[in-house]
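Fold and contact review
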Amino acid sequence: MQQSGKKQALIREYAQLVRRLTPKSQLGLGCLRAFWVGGAICLLGQWIAEAAQRWLSLPLSAAQTAASITLVFLTALLTGIGVFDRIARYAGAGTVVPITGFANAMVSPAMEFKPEGWVLGTGARLFTIAGPVLVYGIASSVIVGILYYFIRW
Amino acid sequence: MLTYLKVFLVGGALCALGEVLILKTKLTPARILVVYITAGAALSALGLYGPLARFAFAGATVPLTGFGHALAQGAISAVQETGLLGAFTGGLAATAGGIAAAVFFGFLAALLFRPRPKDF
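Residues numbered from 1 in each chain as written. Chains lettered and ligands numbered in written order. Predicted model: local features only at pLDDT ≥ 70, side-chain atom pairs only at ≥ 80, totals over all residues.

**Side note on the overall build of chain B**
A tally of helices and strands in chain B yields six helices and zero strands. Per-residue burial over chain B gives 52% buried out of 120 residues. Contacts in chain B between residues at least 24 apart in sequence constitute 57% of all its contacts with a sequence separation of at least 6. (Helix = DSSP H or I, 4+ residues; strand = E, 2+ residues; numbered from the N terminus. Buried ≥ 20, exposed ≤ 12 C-beta atoms within 10 Å, placed from the backbone. Contact = placed C-beta atoms within 7 Å.)

In C-alpha coordinates:
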(Lines give C-alpha, C1' and ligand atoms only; values in the text may rest on other atoms or scores of the structure.)
Protein backbone atom coordinates (compact mmCIF):
# COMPACT_ATOMS: atom_id res chain seq x y z
CA MET A 1 0.00 0.00 0.00
CA GLN A 2 2.79 2.33 1.02
CA GLN A 3 4.73 1.29 -2.03
CA SER A 4 1.85 1.97 -4.40
CA GLY A 5 1.24 5.42 -2.87
CA LYS A 6 4.85 6.33 -3.44
CA LYS A 7 4.60 5.17 -7.04
CA GLN A 8 1.47 7.26 -7.56
CA ALA A 9 3.24 10.34 -6.25
CA LEU A 10 6.20 9.68 -8.51
CA ILE A 11 3.91 9.37 -11.54
CA ARG A 12 2.17 12.63 -10.63
CA GLU A 13 5.51 14.37 -10.20
CA TYR A 14 6.68 13.08 -13.58
CA ALA A 15 3.49 14.25 -15.29
CA GLN A 16 3.99 17.71 -13.79
CA LEU A 17 7.58 17.75 -15.01
CA VAL A 18 6.48 16.82 -18.54
CA ARG A 19 3.81 19.55 -18.51
CA ARG A 20 6.35 22.12 -17.32
CA LEU A 21 8.99 21.23 -19.89
CA THR A 22 6.85 20.90 -23.05
CA PRO A 23 6.60 24.18 -24.98
CA LYS A 24 3.36 26.00 -24.17
CA SER A 25 1.99 25.27 -27.62
CA GLN A 26 3.70 23.45 -30.45
CA LEU A 27 1.35 25.16 -32.85
CA GLY A 28 2.01 28.65 -31.54
CA LEU A 29 5.77 28.22 -31.59
CA GLY A 30 5.73 26.66 -35.07
CA CYS A 31 3.56 29.47 -36.43
CA LEU A 32 5.78 32.15 -34.91
CA ARG A 33 8.90 30.64 -36.47
CA ALA A 34 7.20 30.12 -39.86
CA PHE A 35 5.83 33.67 -39.67
CA TRP A 36 9.08 35.53 -39.10
CA VAL A 37 11.29 33.44 -41.37
CA GLY A 38 8.67 33.42 -44.16
CA GLY A 39 8.13 37.15 -43.77
CA ALA A 40 11.89 37.75 -43.89
CA ILE A 41 12.22 35.73 -47.12
CA CYS A 42 9.44 37.81 -48.72
CA LEU A 43 11.18 40.98 -47.52
CA LEU A 44 14.40 39.79 -49.17
CA GLY A 45 12.44 39.18 -52.39
CA GLN A 46 11.00 42.70 -52.16
CA TRP A 47 14.46 44.25 -51.78
CA ILE A 48 15.82 42.30 -54.76
CA ALA A 49 12.82 43.34 -56.89
CA GLU A 50 13.25 47.00 -55.91
CA ALA A 51 16.98 46.87 -56.61
CA ALA A 52 16.28 45.34 -60.04
CA GLN A 53 13.78 48.11 -60.78
CA ARG A 54 16.16 50.84 -59.67
CA TRP A 55 19.57 49.65 -60.88
CA LEU A 56 18.59 47.58 -63.92
CA SER A 57 15.52 49.75 -64.70
CA LEU A 58 13.37 46.65 -65.20
CA PRO A 59 9.56 46.92 -65.28
CA LEU A 60 7.74 45.51 -62.21
CA SER A 61 6.91 42.04 -63.61
CA ALA A 62 10.46 41.49 -64.89
CA ALA A 63 11.84 42.68 -61.56
CA GLN A 64 9.63 40.14 -59.75
CA THR A 65 10.93 37.40 -62.05
CA ALA A 66 14.50 38.53 -61.29
CA ALA A 67 13.70 38.30 -57.57
CA SER A 68 12.31 34.76 -58.01
CA ILE A 69 15.41 33.66 -59.94
CA THR A 70 17.73 35.15 -57.31
CA LEU A 71 15.84 33.44 -54.46
CA VAL A 72 15.97 30.14 -56.37
CA PHE A 73 19.73 30.59 -56.85
CA LEU A 74 20.30 31.34 -53.16
CA THR A 75 18.20 28.29 -52.20
CA ALA A 76 20.26 26.04 -54.50
CA LEU A 77 23.50 27.39 -53.04
CA LEU A 78 22.37 27.04 -49.41
CA THR A 79 20.96 23.56 -50.10
CA GLY A 80 24.25 22.57 -51.72
CA ILE A 81 26.36 23.59 -48.73
CA GLY A 82 23.87 22.02 -46.31
CA VAL A 83 22.69 25.22 -44.62
CA PHE A 84 19.16 25.24 -46.05
CA ASP A 85 18.14 22.03 -44.25
CA ARG A 86 19.05 23.58 -40.91
CA ILE A 87 17.01 26.73 -41.60
CA ALA A 88 14.12 24.59 -42.88
CA ARG A 89 14.07 22.42 -39.76
CA TYR A 90 13.73 25.57 -37.64
CA ALA A 91 11.26 27.44 -39.84
CA GLY A 92 8.92 24.66 -41.05
CA ALA A 93 6.41 26.18 -43.47
CA GLY A 94 8.41 29.44 -43.35
CA THR A 95 10.77 28.06 -45.99
CA VAL A 96 8.28 25.69 -47.68
CA VAL A 97 5.61 28.22 -48.68
CA PRO A 98 7.83 30.84 -50.40
CA ILE A 99 9.43 30.00 -53.76
CA THR A 100 12.42 28.73 -51.74
CA GLY A 101 10.34 25.63 -50.89
CA PHE A 102 9.71 24.91 -54.57
CA ALA A 103 13.41 25.38 -55.35
CA ASN A 104 14.59 23.24 -52.45
CA ALA A 105 12.14 20.49 -53.49
CA MET A 106 13.99 20.33 -56.84
CA VAL A 107 17.59 20.86 -55.72
CA SER A 108 17.57 18.49 -52.74
CA PRO A 109 16.51 15.26 -54.53
CA ALA A 110 18.62 16.20 -57.59
CA MET A 111 21.68 16.06 -55.32
CA GLU A 112 20.56 13.16 -53.17
CA PHE A 113 19.85 10.79 -56.05
CA LYS A 114 23.03 11.62 -58.00
CA PRO A 115 24.39 8.12 -57.18
CA GLU A 116 21.45 6.65 -59.17
CA GLY A 117 22.77 8.30 -62.33
CA TRP A 118 22.52 11.58 -64.23
CA VAL A 119 19.41 10.61 -66.18
CA LEU A 120 17.16 8.59 -63.90
CA GLY A 121 18.77 9.85 -60.68
CA THR A 122 19.29 13.60 -60.91
CA GLY A 123 17.27 14.17 -64.10
CA ALA A 124 14.13 12.36 -62.97
CA ARG A 125 14.21 13.09 -59.24
CA LEU A 126 14.42 16.85 -59.86
CA PHE A 127 10.70 16.56 -60.53
CA THR A 128 9.63 14.25 -57.70
CA ILE A 129 7.85 17.10 -55.92
CA ALA A 130 8.13 19.86 -58.52
CA GLY A 131 6.35 17.56 -61.03
CA PRO A 132 3.04 17.45 -59.15
CA VAL A 133 3.31 21.17 -58.37
CA LEU A 134 3.79 21.98 -62.07
CA VAL A 135 1.02 19.55 -63.14
CA TYR A 136 -1.57 21.24 -60.92
CA GLY A 137 -0.22 24.75 -61.52
CA ILE A 138 -0.10 24.48 -65.32
CA ALA A 139 -3.42 22.61 -65.53
CA SER A 140 -5.06 25.35 -63.42
CA SER A 141 -3.66 28.08 -65.66
CA VAL A 142 -4.93 26.33 -68.83
CA ILE A 143 -8.38 25.92 -67.26
CA VAL A 144 -8.40 29.60 -66.24
CA GLY A 145 -7.34 30.58 -69.79
CA ILE A 146 -10.05 28.46 -71.46
CA LEU A 147 -12.74 29.73 -69.08
CA TYR A 148 -11.60 33.29 -69.71
CA TYR A 149 -11.78 32.77 -73.47
CA PHE A 150 -15.43 31.70 -73.28
CA ILE A 151 -16.72 33.87 -70.43
CA ARG A 152 -14.49 36.99 -70.44
CA TRP A 153 -15.42 38.18 -66.94
CA MET B 1 8.79 51.57 -44.80
CA LEU B 2 5.08 50.82 -44.64
CA THR B 3 5.56 48.75 -47.79
CA TYR B 4 8.13 46.56 -46.02
CA LEU B 5 5.77 46.08 -43.07
CA LYS B 6 3.00 44.93 -45.44
CA VAL B 7 5.40 42.58 -47.26
CA PHE B 8 6.58 41.06 -43.97
CA LEU B 9 3.12 40.69 -42.42
CA VAL B 10 1.31 39.24 -45.45
CA GLY B 11 4.20 36.93 -46.41
CA GLY B 12 4.56 35.82 -42.81
CA ALA B 13 0.82 35.22 -42.46
CA LEU B 14 0.74 32.99 -45.58
CA CYS B 15 3.62 30.94 -44.12
CA ALA B 16 2.02 30.72 -40.66
CA LEU B 17 -1.15 29.44 -42.37
CA GLY B 18 0.97 26.78 -44.06
CA GLU B 19 2.40 25.78 -40.67
CA VAL B 20 -1.14 25.40 -39.28
CA LEU B 21 -2.04 23.19 -42.27
CA ILE B 22 1.06 21.03 -41.75
CA LEU B 23 0.49 20.58 -38.00
CA LYS B 24 -3.32 20.35 -37.92
CA THR B 25 -3.94 18.27 -41.05
CA LYS B 26 -1.93 15.42 -42.48
CA LEU B 27 -0.72 17.56 -45.39
CA THR B 28 2.93 16.96 -46.29
CA PRO B 29 5.03 19.89 -47.59
CA ALA B 30 4.59 18.55 -51.16
CA ARG B 31 0.82 18.71 -50.78
CA ILE B 32 1.06 22.19 -49.23
CA LEU B 33 2.89 23.36 -52.37
CA VAL B 34 0.24 21.83 -54.65
CA VAL B 35 -2.61 23.32 -52.57
CA TYR B 36 -0.98 26.77 -52.52
CA ILE B 37 -0.26 26.96 -56.24
CA THR B 38 -3.77 25.77 -57.14
CA ALA B 39 -5.41 28.09 -54.61
CA GLY B 40 -3.32 30.98 -55.93
CA ALA B 41 -4.46 30.33 -59.50
CA ALA B 42 -8.12 30.02 -58.41
CA LEU B 43 -8.07 33.18 -56.23
CA SER B 44 -6.33 35.03 -59.05
CA ALA B 45 -9.01 34.00 -61.57
CA LEU B 46 -11.70 35.16 -59.14
CA GLY B 47 -10.00 38.55 -59.00
CA LEU B 48 -9.12 38.23 -55.30
CA TYR B 49 -5.36 37.75 -55.49
CA GLY B 50 -4.59 40.76 -57.70
CA PRO B 51 -5.62 43.27 -55.00
CA LEU B 52 -3.52 41.37 -52.42
CA ALA B 53 -0.48 41.49 -54.74
CA ARG B 54 -0.96 45.24 -55.25
CA PHE B 55 -1.26 45.70 -51.48
CA ALA B 56 1.61 43.50 -50.26
CA PHE B 57 3.92 43.20 -53.30
CA ALA B 58 6.54 40.47 -52.64
CA GLY B 59 4.60 39.43 -49.53
CA ALA B 60 2.02 38.04 -51.96
CA THR B 61 4.19 37.19 -54.98
CA VAL B 62 7.07 35.27 -53.29
CA PRO B 63 4.83 32.63 -51.59
CA LEU B 64 3.74 29.85 -53.95
CA THR B 65 0.21 31.29 -54.17
CA GLY B 66 1.93 34.11 -56.06
CA PHE B 67 3.31 31.54 -58.50
CA GLY B 68 -0.28 30.36 -59.12
CA HIS B 69 -1.35 33.99 -59.53
CA ALA B 70 1.37 34.57 -62.15
CA LEU B 71 0.31 31.39 -64.01
CA ALA B 72 -3.37 32.44 -64.12
CA GLN B 73 -2.72 36.07 -65.03
CA GLY B 74 -0.27 34.93 -67.74
CA ALA B 75 -2.95 32.72 -69.25
CA ILE B 76 -5.57 35.48 -69.09
CA SER B 77 -3.42 38.17 -70.74
CA ALA B 78 -2.23 35.72 -73.42
CA VAL B 79 -5.88 34.87 -74.23
CA GLN B 80 -6.53 38.60 -74.64
CA GLU B 81 -3.68 38.79 -77.15
CA THR B 82 -3.83 35.52 -79.12
CA GLY B 83 -7.19 33.94 -78.27
CA LEU B 84 -7.60 30.33 -77.22
CA LEU B 85 -3.95 29.54 -78.01
CA GLY B 86 -2.99 31.85 -75.15
CA ALA B 87 -4.65 29.53 -72.62
CA PHE B 88 -1.85 27.06 -73.38
CA THR B 89 1.09 29.43 -73.78
CA GLY B 90 0.41 32.20 -71.26
CA GLY B 91 0.89 30.44 -67.93
CA LEU B 92 4.28 28.92 -68.62
CA ALA B 93 5.52 32.00 -70.46
CA ALA B 94 4.82 34.14 -67.39
CA THR B 95 6.59 31.76 -65.00
CA ALA B 96 9.35 30.46 -67.30
CA GLY B 97 12.09 32.37 -65.44
CA GLY B 98 11.46 30.78 -62.06
CA ILE B 99 10.93 27.27 -63.44
CA ALA B 100 14.02 27.33 -65.69
CA ALA B 101 16.09 28.74 -62.82
CA ALA B 102 14.96 25.93 -60.49
CA VAL B 103 15.77 23.26 -63.11
CA PHE B 104 19.14 24.80 -64.03
CA PHE B 105 20.38 25.60 -60.52
CA GLY B 106 19.08 22.24 -59.26
CA PHE B 107 21.13 20.48 -61.92
CA LEU B 108 24.14 22.68 -61.23
CA ALA B 109 23.94 21.95 -57.49
CA ALA B 110 23.86 18.20 -58.23
CA LEU B 111 26.91 18.69 -60.46
CA LEU B 112 28.94 20.69 -57.95
CA PHE B 113 27.94 19.42 -54.53
CA ARG B 114 28.31 16.03 -52.92
CA PRO B 115 25.06 14.65 -51.47
CA ARG B 116 25.33 14.72 -47.70
CA PRO B 117 23.89 12.21 -45.25
CA LYS B 118 20.75 13.54 -43.58
CA ASP B 119 21.70 14.25 -40.01
CA PHE B 120 18.30 13.97 -38.36
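Now that the structure has been shown, the text picks up again.
**Here we look at the environment of Gln64 of chain A**
Mapped onto the fold, Gln64 of chain A is located in helix α3 (residues 60-80). When the C-alpha atoms of Gln64 of chain A and Gly123 of chain A are compared, they prove to be 27 Å apart, with 59 residues separating the residues in sequence.

**Examining the interface of chain B and chain A**
Taken residue by residue, the interface counts 66 residues in chain B and 62 residues in chain A. The set of elements that each furnish at least two residues to the side of chain B that touches chain A consists of α1 (2-24), α2 (29-45), α4 (58-61), α5 (64-82) and α6 (85-112) of chain B. Top contributing element to the side of chain B that touches chain A by residue count: α6 of chain B, with 18 residues.

**A word on the nonpolar core**
One recurring pattern in soluble globular proteins is that nonpolar side chains are buried together. Counting residues in each nonpolar core, the largest one holds 81 residues, and the members touching the most others are Val72, Phe102 and Ala130 of chain A together with Leu33, Ala75 and Ala102 of chain B. Top element by residues in this core is helix α2 (residues 26-55) of chain A. It accounts for 11 residues. Filtering out sequence-adjacent residues up to four positions away, Phe102 of chain A remains in contact with Ala130 and Val133 of chain A together with Leu33, Leu64 and Ala102 of chain B. (Core = buried A, V, L, I, M, F, W, Y, C linked by C-beta atoms within 7 Å.)

**With respect to helix α3 (residues 49-56) of chain B**
All names here are of chain B. Among all positions of α3, only Tyr49, Leu52, Ala53 and Ala56 are buried. Looking down the long axis of α3, one finds its buried residues gathered within 100° of arc, a one-sided arrangement. Residues of α3 that are exposed and angled more than 90 degrees away from the buried face: Pro51 and Arg54. Elements in contact with the buried residues of α3: α1, α2, α4 and α5. Note on α3: the residue one or two positions beyond its end, Phe57, has a positive phi of about 50°. (Arc of directions from axis to C-beta.)

**Brief notes about the packing of α5 of chain B against α6 of chain B**
Residue and element names in this part refer to chain B. Orientation of α5 relative to α6, taken along the N-to-C sense of each, is 135°, at an axis distance of 6 Å. One element, α5, and the other, α6, form an angle in the oblique class. In this structure, the crossing between α5 and α6 has a hand that is right-handed. Of the residues in α6, those touching α5 at Phe67, Ala70, Leu71, Gln73, Gly74, Ala75, Ile76, Ser77, Ala78, Val79, Glu81 and Thr82 are Leu85, Gly86, Ala87, Thr89, Gly90, Gly91, Ala93, Ala94, Thr95 and Gly98. In the contact of α5 with α6, the residues fall into 11 nonpolar, 10 polar and one charged. (Axes fitted to C-alpha atoms, helices over the stretch in contact; angles between N-to-C directions. Parallel < 35°, antiparallel > 145°, perpendicular 65-115°, else oblique. Left-handed = near helix turned anticlockwise from the far one by under 90°. Nonpolar A, V, L, I, M, F, W, Y, C, P; charged D, E, K, R; others polar.)

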